[in-house]
Each structure stands twice: as structure tokens, then as C-alpha cells.
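Single-letter residue listing:
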Amino acid sequence: MLKKNRLRIAMQKSGRLSYDSKKLLLNCGIKINLEQKKLISFSENMPIDVIRVRDDDIPGLVMNQIVDLGIVGGNVLKENILSKKSFNTKNLYKLLLNLDFGICRLSLACRKSSEYENLQSLKNFTIATSYPYILKKYLNTRHINFRSFTLKGSVEIAPRVGLSDMICDLVSTGATLEANNLKEVHVIYKSNAQIISRKGNISTLKKELIHKLITRIQGVMQARESKYIMLHAPTSKLNQVMSLLNGIENPTISKLVGHPKKVVLHMVSKENLFWETMENLKKAGATSILVLPIEKMME
Ligand code: PRT
Ligand code: ZN
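Residues numbered from 1 in each chain as written. Chains lettered and ligands numbered in written order. Predicted model: local features only at pLDDT ≥ 70, side-chain atom pairs only at ≥ 80, totals over all residues. Heavy atoms only, no water.

**Q** I'm lost on the packing of aromatic side chains in this one. Help?
**A** One pair of aromatic rings is described through two measures. These are the centre distance and the angle between the planes. Counted according to the given criterion, the structure contains zero aromatic pairs. Sitting over the face of the ring of Y138, R142 holds its NZ or CZ atom 3.6 Å from the ring centroid. (Phe/Tyr/Trp six-rings, centres within 6.5 Å; stacked < 30°, edge-to-face > 60°. Lys NZ or Arg CZ within 6 Å of the ring centre and 35° of its normal.)

Put into C-alpha cells, the structure is as follows:
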């Protein structure tokens, strides 16, 4: 049974955002069993309930104040907003945070053999898409004449079977386009998962919990991007070694016992350390180079 004083978070039940959304909540220290495919799960250690639904339902749940927070793709949110705008509905949500997963783009694609030049050459093309409102807004503001129709799945098949000249669909690796002999010609919208919150009255306790959660999520994301680096370096090469390390802040330099001409460097790097950099560090005289993942961070 849902209780009013508990924070309700909606996330995708099963699909491309569900694994990362689940991982994010668990990494924030919320103890909750999200293994069973239940509509609602209750946290044991925080006043939080997680509602798992289809991603398309999440903007509505937030805007109608059924849940407090939602984790949803920017593409789904934008399409939802634009579809509501056309019926003059107010948008009742607040963007709290852009997340580091669900990264994709909504792009126009046509057959590889097609002689597409630029957007202006699109005149009177027929475009199949699952995102008619984003497409319409984008092309209308550029005064491009086109026809579109909505397909909720298998959009990439439409040109091959002669239903459309082009498609406007989500792309991440490009493999689906390639497999269907299509080429990406124009990016319309860049998307990632987002955390949104409802508007309206929210109790102080819930506000504090949201703040705590967002701070933890930022910490989790920052930790994912950062690495802890340890290495030994000759004192004479310290500047050279440090110049190879981007994104480091306040390194700790200490003595290496038994090696008077060497020091130990410990530091957090805001960027991943690539093999090339490690090889260059080695060339510069660094040894015992360790790159460790960071689990949590708070600044
Ligand atoms: O059942 P439900 O309605 O909840 O899920 P869904 O089927 O509508 O969505 P789902 O799970 O496919 O995607 C959820 C969200 O993940 C999307 O709304 C995006 O925000 C995000 N996302 C990230 C993607 C992709 N990457 C993606 N590549 N959503 C879909 N795709 C599809 C795309 O439509 C195409 O069919 O993957 C194919 C292209 O992938 P590549 O790698 O071959 O380019
Ligand atoms: Zn969906």
C-alpha cells in the first residue's frame, strides 16, 4: 500500500534504462528489492517507494503528481511535452539532473543509395518516426515541407518496404541503421536519461530526501568518471610525470621508503587514464602505476 509521506520514484520496468536506473538507486544506498518484477517495491532503510512502469508513462505520472520523481529519457519527456503543448496543457515538472546513461540521438536516416544533400533537399519527403512531435517542431521551425507518419516499432524497416523515404529514429551505435542499409544524415535531438520531479507542494521532509538523493547521485556519477591513481616517480621527473596527468587535483606526494630519489604520488583524476597515458608515464620514469575505480565521492 502506497503511503503519502514516502518518496515515490518512477523508473522503467524493463528496457534500456531499467538496469542503469536500478543500479543508480542501489548505489545511492537505497536498500530495495528490485529483482522481482513488481509494480511497486518498498525500500527497507529509507522512506522511498519505487514504481516500475513503461517509460512512456513516466512523464504523465510525474506531471499528474502521482509520483515525486521520475527517471526517463529526455527524448520521451520532450515528445510528451510537445504533444501536450499542442493541446495547450501546462508542463508540470522540474528537471533535476541529467544522468550519464541512456545516451542516444534522434536522427534522420535514409537509404544509403539516396541522394540526400541537406535538410533543404528534404522537400515533400515522407518520414516514418516514433517521435512525430519532436520531428515536426524541428522541421517546421526550419520551414521544411515534409510528410510524416507514426510507427511505434520497426521504424527502420519502413524505407526498405517502400512506406517512407526516410526515418527519424533513435541511434546509439548505428548498428541498426547499418543492418538496414540506412545512413544517418542529420541529428535532430541529443538525449540522455534525466531525473525529473513533480511540481506542487512537497513536504520539507521529502524535499530534504530529494536533496540527499540528488547529492548522492551526483557523487555516484562523479565517482564513475574519476579514478584513483597511484604511482612511483623519480623526484627529478616529477614535473614531467605530472604534466602527463590531466584532470588531477591536489596530488599527495610522499617519500618512498628505501628509495631516496623517488616519491609516491596519490591523486584523484577526473578523467579516465588511458593506456597511452600510462605508457607515456612509464617512458617518463614512473613505475608501479595503479589506476583504481572509486566507489563513492563527496566533495
Ligand atoms: O517498454 P517501454 O515502453 O518501457 O520501452 P521502449 O521499448 O519504449 O524503450 P527502450 O527500452 O527501447 O528505450 C528506453 C530509452 O532508452 C529510450 O527512450 C532512450 O531514451 C534510451 N535509448 C538509448 C534508446 C537507445 N539508446 C536505442 N538505441 N532507445 C532505443 N534505442 C533503439 C532505437 O530505437 C533503434 O531501434 O535501438 C536501436 C538503435 O540502436 P543502435 O545501437 O543499433 O544504433
Ligand atoms: Zn516506451
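Following the structure, the description resumes.
**Q** Where do I start with the packing of helix 1 (residues 18-27) against helix 6 (residues 204-225) in this structure?
**A** The relative placement of two packed helices is expressed as an angle between their axes plus a distance between the axes. Between helix 1 and helix 6, whose axes approach to 9 Å, the crossing angle comes to 110 degrees. Here helix 1 is positioned roughly perpendicular relative to helix 6, judged by the angle of their axes. Contact with helix 1, carried on its side by K23, L24 and N27, involves I217, V220 and R224 of helix 6 and no other residues of that element. The residue makeup of the contact of helix 1 with helix 6, split by class, is three nonpolar, one polar and two charged. (Axes fitted to C-alpha atoms, helices over the stretch in contact; angles between N-to-C directions. Helix = DSSP H or I, 4+ residues; strand = E, 2+ residues; numbered from the N terminus. Parallel < 35°, antiparallel > 145°, perpendicular 65-115°, else oblique. Contact = heavy atoms within 4.5 Å. Nonpolar A, V, L, I, M, F, W, Y, C, P; charged D, E, K, R; others polar.)

**Q** When you look at the sheet that holds strand 15 (residues 287-293) in this model, what are you seeing that I'm missing?
**A** Hydrogen bonding along the main chain pairs the strands of a sheet, whether they run parallel or antiparallel. Taking strand neighbours across the sheet as the criterion, the four strands line up as 13-14-12-15 in an open arrangement whose pairing is antiparallel. In the strand order of this sheet, the two ends are held by strand 13 (248-255) and strand 15, each with one partner. Between one strand axis and the next, the sheet turns through 20 degrees on average, direction left out of account. When strand 12 (residues 227-234) meets strand 14 (residues 262-269), the two strands line up antiparallel, connected through eight bridges. Its bridge partner being in strand 14, Y228 is matched across the sheet by V268. Those strands touched by helix 8 (residues 275-283) are strand 12 and strand 15, and its axis lies near 155 degrees from that of strand 15. (Pairing = 2+ DSSP bridges.)

**Q** Can you walk me through the packing of helix 3 (residues 74-85) against helix 4 (residues 132-141) in this structure?
**A** Packing of helix 3 against helix 4 brings their axes to within 8 Å, and their N-to-C directions diverge by 75 degrees. The pairing of helix 3 with helix 4 is recorded here as roughly perpendicular in orientation. Along its contact with helix 3, which presents N75, K78, E79, L82 and S83, the element helix 4 presents P132, Y133, I134 and K137. Broken down by class, the residue content of the contact of helix 3 with helix 4 amounts to four nonpolar, two polar and three charged.

**Q** Help me understand the site of ligand 1, please; the structure alone is not making it clear to me.
**A** Near ligand 1 lie 20 residues; those nearest to it are Q12, N75, T173, G174 and T176. Here D169 contributes a side-chain N or O atom positioned 3.5 Å from an oxygen atom of ligand 1. Among the secondary structure elements, those contributing two or more residues to the shell around ligand 1 are helix 3, strand 9 (166-171) and helix 5 (175-179). Per-element accounting of the shell around ligand 1 gives the leading share, three residues, to strand 9. The class makeup of the residues in the shell around ligand 1 is six nonpolar, nine polar and five charged. (Near = heavy atom within 4 Å. Polar contact = N/O pair within 3.5 Å; in protein donor to acceptor, adjacent residues only side chain to side chain.)

**Q** Got a minute to help me understand the side chain of S191 in this structure?
**A** Position of S191 among the secondary structure elements: in strand 10 (residues 182-191). Its relative accessible area of 3% is what places S191 among the buried residues. In this structure the side chain of S191 is engaged in a polar contact, spanning 3.4 Å, whose partner is the backbone nitrogen of G74. Residues contacting S191, with those up to four places away along its chain left out, are G73, G74, N75, G102, I103, C104 and R105. (Buried < 20%, exposed > 50% of the residue type's maximum accessible area, 1.4 Å probe, protein only.)

**Q** Would you explain the pattern of salt bridges in this entry?
**A** It is possible for side chains of opposite charge to pair when their charged atoms get near one another. Scanning the model with the defined rule gives nine salt bridges in all. Put simply, R54 and D56 hold a salt bridge, and the shortest N to O gap is 4.0 Å. Take D56: its relative accessible area is 40%, and that puts it in the partly exposed class. In this structure, K206 engages D68 in a salt bridge whose closest nitrogen and oxygen atoms are separated by 3.1 Å. Of this pair, K206 sits in helix 6 while D68 is found in the loop between helix 2 (58-63) and strand 4 (69-73), placing the two residues 138 residues apart along the sequence. Like K206, the residue D68 is buried in the burial classification. Through salt bridges with shared partners, one network takes in D68, R198 and K206. (Salt bridge = Lys/Arg side-chain N within 4 Å of Asp/Glu carboxyl O.)

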